[in-house]
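What the coordinates show
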Amino acid sequence: MTIVTIANIHAAAALDKYHLERIEDFSSNVNPVIVTSEYALKETDLVGINEEGVEAAAHYIEERLEAEAYTPRTWRTHPLHICPPEPYFVSYHKTRECMDWIFLISSLNFSFWSDREGTSDRYGVEWRKGWGSDTRMVHTGYWSLVAAIDRALEEGVPLTDPSFYASETRCPDSLVAHIFRAAPQCKEGIPLLKERISILRENGAILCKHFGGSFQSFHEVFQRRHSGNGTALQLVKMVADVFPSFRDEVTYNGRKVSLWKRAQILVAETWAAFYPSHPSHFHPLFPGPEGPAIHELTMFADYRVPQILHHLRMLTYPPELVKLLCSHTMLPSGSREEVSIRAASIIAVEKVRKEIENIRTKNGKKVRKEEVSSVLIDFYLWDLAKKVEAGTSSVEEVATAEIVPPHRTRSIWY
């Protein structure tokens, strides 16, 4: 109870300090990411959405979700993930530790592409294949972040504790650099290390100063503000308002475009980690009558999922954009090309989601919005993209376009 009380005392101060004037109507179930992405897609007038490709991909994805039994619970099967205990106990220390682990991962989940893609020279982290495995391997991309954090925990570094990583004394920059040390054969370090350290300090300080020193306490404050009825989208909005580094927005032709990749994935990962063993059971973190309403979130507009969307012929690129991508030209954050790719990806996956709902309705299946959400579709497509990249899987059932390199933008947003 002490943590919750401290958090409540400071909640109002936190929101006053961190741009209270930005807070939109938290009761609204309209996701500004969808509304502003529709605007950006039209305004940039560059990337197109192929309706035939969307329909074909929807059938393919729906079949694969069914065949692979791909559900929110699939999150728990990834060998590097730290899973919360079951059944759910709010006061159990491992519940808090899991939520703090997810928060830290989501805080630093950005910019892993490399000029040395496909070679052993690229940044990677050597650690176990997963918790409980004695096999060692070099993890690259996003998994290098997860492996580095897991390795630090195994080595006794309390890295997921916000009070630890907020402190330059207990957690100096040199220790952070050591935590993210590359495997011996790598010729490069983790990108944007200084920016990652800055985010660690800022996010840790916000949690410690205003929310009882944990993401669990932040979530408790959130639910108290909503009388226990808060939804996933409302939590995303609060994250984006309180933490500047989660505020993934650009101004395009005079209008704000909210893309919120990491804010949404933070909430989505938390939702998936604590997803109940049966979909008919209530979600412990979203106990209100609407539940999490996860279908209100969008896909997470990064650089990997747009690549697979284009491969599946959902997105169409004009020749000049293909030329830029194939030449590995850097696209500035907020540029026409970058905004168009991200906005089109969001809208394309929304169309796929609706088409899958239609397919299941026509086939007489019960449509559970949580099981055909854009979040789950994104999870599946990201996993598929990584398998295609590794050469362990390919898409055979539908017509595809030639794979082009993902777009390159170096930023903290994704």
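Remember, predicted model here, so these are calculated numbers, not experimental data. (Residues numbered from 1 in each chain as written. Predicted model: local features only at pLDDT ≥ 70, side-chain atom pairs only at ≥ 80, totals over all residues. Heavy atoms only, no water.)

Another point: the packing of helix α2 (residues 32–44) against helix α14 (residues 336–362). Each pair of packed helices can be summarised by the angle the axes make with each other and by the distance between the axes. Here α2 crosses α14 at 125°, and the two axes come no closer than 8 Å. Relative to α14, α2 is oriented oblique. In this structure, the crossing between α2 and α14 has a hand that is left-handed. Touching V33, I34, S37, E38, A40, L41 and T44 of α2 are R336, V339, S340, A343, A344, I346, I347 and E350, all from α14. (Axes fitted to C-alpha atoms, helices over the stretch in contact; angles between N-to-C directions. Helix = DSSP H or I, 4+ residues; strand = E, 2+ residues; numbered from the N terminus. Parallel < 35°, antiparallel > 145°, perpendicular 65-115°, else oblique. Left-handed = near helix turned anticlockwise from the far one by under 90°. Contact = heavy atoms within 4.5 Å.)

Before going further, it helps to spend a moment on the environment of N50. Note that N50 resides in the loop between β1 (48–49) and α3 (51–67). C-alpha separation for the pair N50 and M314, spaced 264 residues apart in sequence, amounts to 5.1 Å. What N50 contacts, discounting residues up to four positions off in sequence, is R313, M314 and T316. A distance of 3.1 Å separates a polar atom in the side chain of N50 from the backbone oxygen of R313. (Polar contact = N/O pair within 3.5 Å; in protein donor to acceptor, adjacent residues only side chain to side chain.)

We now examine the pattern of salt bridges. Within this structure, the stated rule accounts for 26 salt bridges. Here R353 ties to E357 by a salt bridge, and the two come within 3.3 Å at their closest N and O atoms. Here the residue R353 and the residue E357 both occupy positions in helix α14, the gap between them amounting to four residues, near one helical turn. Look at R353 and you get buried, because its relative accessible area is 9%. Judged by its relative accessible area of 15%, E357 is buried. (Salt bridge = Lys/Arg side-chain N within 4 Å of Asp/Glu carboxyl O. Buried < 20%, exposed > 50% of the residue type's maximum accessible area, 1.4 Å probe, protein only.)

Now for helix α11 (residues 261–273). For α11, with 13 residues, the first-to-last C-alpha span of 18 Å sits near the 18 Å given by 1.5 Å per residue. α11 sits mainly inside the fold: 13 of its 13 residues count as buried. (Expected span 1.5 Å × (residues − 1).)

With that out of the way, let us pick up the confidence of the model for the chain. Per-residue confidence for the chain averages 93 on the pLDDT scale, and 93% of its residues sit at or above 70. With pLDDT under 50 throughout, residues 1–27 is counted as low confidence; its partners more than four residues away or in other chains account for 51 contacts. (pLDDT = per-residue confidence, 0-100.)

Our next topic: unusual backbone geometry. The amide bond that connects E86 to the next residue, P87, takes the cis arrangement and shows omega of 0°. As for its placement among the helices and strands, P87 is situated in the loop between α3 and α4 (93–107). Its identity is not glycine, yet S111 carries a phi of approximately 55°, on the positive side. Note that S111 resides in the loop between α4 and β2 (124–128). For S111, a relative accessible area of 0% puts it in the buried group. Unlike most non-glycine residues, L192 shows phi in positive territory, near 55°. Mapping L192 onto the fold places it in the loop between α7 (173–179) and α8 (193–210).

This part is about the pairing of strand β4 (residues 249–252). As defined by bridge partners, β4 adjoins strand β5 (residues 255–258) across four bridges and the pair is classed as antiparallel. Across the sheet, residue V250 finds its bridge partner in β5, namely V257. The hairpin turn running from β4 into β5, its antiparallel successor, is two residues long, and N253 in that turn takes a positive phi close to 50°. (Pairing = 2+ DSSP bridges.)

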